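# Chains, contacts and geometry: an overview
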Amino acid sequence: MNDKEILMLCLDEKTRDIGFKHLLSAYSKKIYYHVRRMINDHDDANDVVQNCFIKAWKGLPNFREDSQLFTWLYRIATNESLTFLQDRYRKNTSAVAMDTVAHSSQLVEEAWIDGETLQERLQEAIDTLPPKQKQVFVMRYFDEMKYEEMENILGTSTGALKASFHHAVKKIETILKDGLNLG
Amino acid sequence: MSNEREHINKELNELESMLHLPANEEGLNVPIAYFETLENEILNKTVYAEKEVSNAVKLRAIPLWKYISGIAATGLILYFGLQMFASPKESLEMQLAKMNTSELDNFISQQIAAISESELHNYLLDNVNDIETVLLFETEFISDATLEQKTTAEVNAQVLSAEKNSIIKVNLLDENLLDQLDDETLQDYLNNAALFDDLGL
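Residues numbered from 1 in each chain as written. Chains lettered and ligands numbered in written order. Predicted model: local features only at pLDDT ≥ 70, side-chain atom pairs only at ≥ 80, totals over all residues.

## Brief notes about the overall build of chain A
The number of helices and strands found in chain A is eight helices and zero strands. The helix and strand sequence of chain A, counted from the amino end, reads α-α-α-α-α-α-α-α. With 183 residues in all, chain A has 34% of them scored as buried. Look at the contacts in chain A between residues 6 or more apart in sequence, and 64% of them connect residues 24 or more apart. (Helix = DSSP H or I, 4+ residues; strand = E, 2+ residues; numbered from the N terminus. Buried ≥ 20, exposed ≤ 12 C-beta atoms within 10 Å, placed from the backbone. Contact = placed C-beta atoms within 7 Å.)

Structure below.
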């Protein structure tokens, strides 16, 4: 079932239940990975994803058809993740940064590093980014989203988004290179 | 999306970045069957939480004749439905999904009304073994002879199964017991065993 059909079912009160089930089947995985990349921890991501879909369910009657279903859902997921990240960032910015530096320096002492570990290091480096920058990086790098789509979701100009992405890439590289002693 | 992937890789190259796009969701551990659980949890907190009991379909409230005819009609509806209701704009699935319980009930009734008695009769005859005997007793479309034949076949199957089980149990008994049997009883047993063997039981 395509987005248009799902939307038709969701907007009709009589068929909203069925439409929402189709919407869940189509998007729960994509939304989860999108949130998980930003939040990293599975349990936290699970809470955020559930909140996101509960909000979507409640918001369906007011959904405006000039917005795409995909864009609308990503906007809810992104806002929920951002709220979560900002809370966490305020609470333990220094703790996360210290932890990442410690992990990175360990890399120098390791004879080799496997793909999974590298992914973990990358995720830890991403975790040090400020919430907005992190969001832009995840949407571009992992979700492979176009700047125009991101502009619709985040309400930020393409130029500003490009700048954020470039800054994020440089910061992540610096952390990874320091850890691998390549800098 | 793959086109966008090329753009992103090009952008990373221009930044002289060591980063390359990941091939998939590697590096993220997700519990087994997590997504099925996730969907159920969300449905429990949304759709099912709001569902009123009065909206639930109560199968027992449906008259028995409708239920039986519904079973028979389902096969025919599936066959004819797509042809009758296929439309370039909207699929049958969409039309059915939009119906509430009473509309669905009316739809089935209309479809049943459109089916001739001979079609229904033939369908029941063809699928008599797939329908519970108890339900068939309630319908007037199946003759007493057919019902008797089906019931007899079921009873025979149960009796044969019980007898087969009892023979298996006898085979499991201590071999010394055979010595205690008189010749006549032993001969009867062997005759019965040969008979079941001939029947392939």
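Now, onward.
## Structural notes on the overall build of chain B
Along its length, chain B carries 11 helices and zero strands. For chain B, the N- to C-terminal ordering of α and β elements is α-α-α-α-α-α-α-α-α-α-α. Out of the 201 residues belonging to chain B, those deemed buried represent 5%. Put simply, 49% of the contacts in chain B that link residues at least 6 apart link residues at least 24 apart.

## Thoughts on helix 7 (residues 147-154) of chain A
All names here are of chain A. Along helix 7, the residues that are buried comprise Y147, M150, I153 and L154. Within helix 7, the buried residues cover an arc of 120° as seen down the axis, which keeps them to one side. Among the residues trailing helix 7, G155 stands out with phi positive, at a value near 70°. (Arc of directions from axis to C-beta.)

## A look at the nonpolar core
All names here are of chain A. One finds I31, V35, V49, F137 and M150 to be the most contacted residues of the largest nonpolar core, which totals 47 residues. Ranked by residues supplied to this core, first place goes to helix 2 (residues 16-39) with 10 residues. Setting aside its immediate chain neighbours within four residues, I31 contacts V49, C52, L73 and A77. (Core = buried A, V, L, I, M, F, W, Y, C linked by C-beta atoms within 7 Å.)

## A word on the interface of chain B and chain A
At the junction of the two partners, chain B supplies 29 residues and chain A supplies 36 residues. If you list the elements that add at least two residues to the side of chain B that touches chain A, you get helix 1 (2-14), helix 2 (34-45) and helix 5 (92-98) of chain B. Per element, the largest residue contribution to the side of chain B that touches chain A is seven residues, and it comes from helix 2 of chain B. Classifying every residue of the side of chain B that touches chain A by side-chain character gives 17 nonpolar, four polar and eight charged. (Nonpolar A, V, L, I, M, F, W, Y, C, P; charged D, E, K, R; others polar.)

## Quick word on unusual backbone geometry
The phi torsion of most residues other than glycine is negative, and most of the peptide bonds are trans. One non-glycine residue with positive phi stands out, namely A:E144, at about 50°. Residue placement: A:E144 occurs in the loop between helix 6 (131-142) and helix 7. A:E144 sits in the partly exposed class, given 16 other C-beta atoms within 10 Å. The backbone phi angle of B:A33 is positive, close to 60°, even though this residue is not glycine. Here B:A33 lies in the loop between helix 1 and helix 2. Overall, B:A33 belongs to the exposed group, with 8 C-beta atoms counted inside 10 Å.

## What to know about the confidence of the model for chain B
Scored by pLDDT, chain B has a mean of 71; 59% of the residues are at 70 or more. Under the prediction, the complex receives an ipTM of 0.72, its pTM being 0.52. (pLDDT = per-residue confidence, 0-100.)

## Quick word on the confidence of the model for chain A
Note: predicted coordinates in regions of low pLDDT should not be interpreted at a detailed level. All names here are of chain A. When pLDDT is averaged along chain A, the result is 82; 83% of the residues meet or exceed 70. When mean pLDDT is compared element by element in chain A, helix 3 (residues 42-59) scores highest at 94, while helix 4 (residues 69-109) scores lowest at 69. This stretch, residues 100-112, has a pLDDT under 50; its non-local contacts, to residues over four places away or in other chains, come to 17 contacts.

## Quick notes on the packing of helix 1 (residues 3-11) of chain A against helix 2 of chain A
Residue and element names in this part refer to chain A. Following both chains from N to C, one finds helix 1 and helix 2 inclined at 145°, their axes separated by 6 Å at the closest point. Between helix 1 and helix 2 lies a crossing whose hand is left-handed. Of helix 2, the residues touching helix 1 (which contributes I6, L9 and C10) are R16, I18, G19, F20, H22, L23 and A26. Among the residues forming the contact of helix 1 with helix 2, the class breakdown is seven nonpolar, two polar and one charged. (Axes fitted to C-alpha atoms, helices over the stretch in contact; angles between N-to-C directions. Left-handed = near helix turned anticlockwise from the far one by under 90°.)

## Describing the environment of A:D143
Residues and elements named next belong to chain A. Tracing the chain through its elements places D143 in the loop between helix 6 and helix 7. Placed 112 residues apart in sequence, D143 and I31 show a C-alpha to C-alpha distance of 9.8 Å. Those residues in contact with D143, other than ones at most four positions away along the chain, are H34 and V138.

## Let's talk about the environment of A:L24
Structurally, A:L24 can be placed in helix 2. Sequence separation between A:L24 and A:F53 is 29 residues, and the spatial gap between their C-alpha atoms is 8.1 Å. Sequence-distant contacts of A:L24, that is, excluding residues within four places in its chain, are made with A:F53, B:E39 and B:I42.

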